[in-house]
Amino acid sequence: METTILAKSSSRDEPYAVAISLTETGLSFFCNCPAGEWGKYCKHKMAIVLGDAKILYNDEQIENFNKVSKWISESDYPFLVAKLRNSEKELEAVKEKVKNMKEEISRSMKEGLK
Ligand SMILES: [Zn+2]
């Protein structure tokens, strides 16, 4: 099964086309935006995976969007997204740790450190 969803572009008036196919190898996405052309992570594919309807170019996309949302819910994408969110939280915690260490070093440099 294959379908296409038109996604809004932030840099031009014409939409990008996200092609979604569900085959025996799984659910795959292809977008014709500059990043997507290289098979890279892009916000159009990601918005669809996240179920963010704000990315839709117009109301005509809703039927396909709902169909694809069902495919996504039956796949491992929600699990991968949860792993991504978890990694982002870990990254924020490490950034905070680095910031605190820099402050401590800076304070030591000002006040002296034995
Ligand atoms: Zn894209």
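What counts and how
Residues numbered from 1 in each chain as written. Predicted model: local features only at pLDDT ≥ 70, side-chain atom pairs only at ≥ 80, totals over all residues. Heavy atoms only, no water. Donors = N, O, S within 2.8 Å, 3.2 Å for Na, K, Ca; no water. Tetrahedral: all angles 85-135°; square planar, octahedral: opposite > 155°, others 65-115°. Buried < 20%, exposed > 50% of the residue type's maximum accessible area, 1.4 Å probe, protein only. Helix = DSSP H or I, 4+ residues; strand = E, 2+ residues; numbered from the N terminus. Polar contact = N/O pair within 3.5 Å; in protein donor to acceptor, adjacent residues only side chain to side chain. Contact = heavy atoms within 4.5 Å. 1 Å grid on protein atoms, 1.4 Å probe; cavity = no way out; pocket = protein on both sides within 12 Å on 5 of 7 lines; lining within 4 Å. Points joined across faces, edges and corners; volume = space filled by probe spheres on them. Nonpolar A, V, L, I, M, F, W, Y, C, P; charged D, E, K, R; others polar. Domains from an automatic or database assignment.

> Any details on the coordination of the zinc ion? Residues and values, ideally.
The expected angle between donors at a tetrahedral four-coordinate metal is 109.5 degrees. At an octahedral six-coordinate metal it is 90 or 180 degrees. Bound to the zinc ion are the protein donor atoms Cys-31 (SG), Cys-33 (SG), Cys-42 (SG) and His-44 (ND1), situated 2.1 to 2.3 Å from the metal. Coordination geometry of the zinc ion: the 4 donor atoms subtend angles of 104 to 113° at the metal centre, consistent with an arrangement described as tetrahedral. Residue Cys-42 is classed as buried on the basis of its relative accessible area, which comes to 5%.

> Give a detailed account of the side chain of Gln-61, specifying residues and quantitative values.
Examined against the element boundaries, Gln-61 turns out to sit in the loop between α2 (43–49) and α3 (62–73). Among the residues examined, Gln-61 registers a relative accessible area of 6% and is labelled buried. Polar side-chain contacts of Gln-61 include one of 2.8 Å to the side chain of Asn-58. Leave out the neighbours within four places in its chain, and Gln-61 touches Thr-4, Ile-5, Leu-6 and Leu-56.

> For the layout of surface pockets, give the residues involved together with the corresponding values.
Quantified by volume, the largest pocket comes out at close to 220 Å³. As for the largest pocket, its lining consists of Phe-29, Gly-39, Lys-40, Tyr-41, Cys-42, Lys-45, Met-46, Val-49, Tyr-77, Leu-80, Val-81 and Leu-84. When residues of the lining of the largest pocket are traced back to their parent elements, those giving at least two are α2 and α4 (77–111). The dominant element in the lining of the largest pocket, judged by the number of residues it contributes, is α4, at 4 residues. Classifying every residue of the lining of the largest pocket by side-chain character gives 9 nonpolar, 1 polar and 2 charged. Among the domains, domain 1 (1–75) and domain 2 (76–114) are the pair contributing at least three residues each to the lining of the largest pocket.

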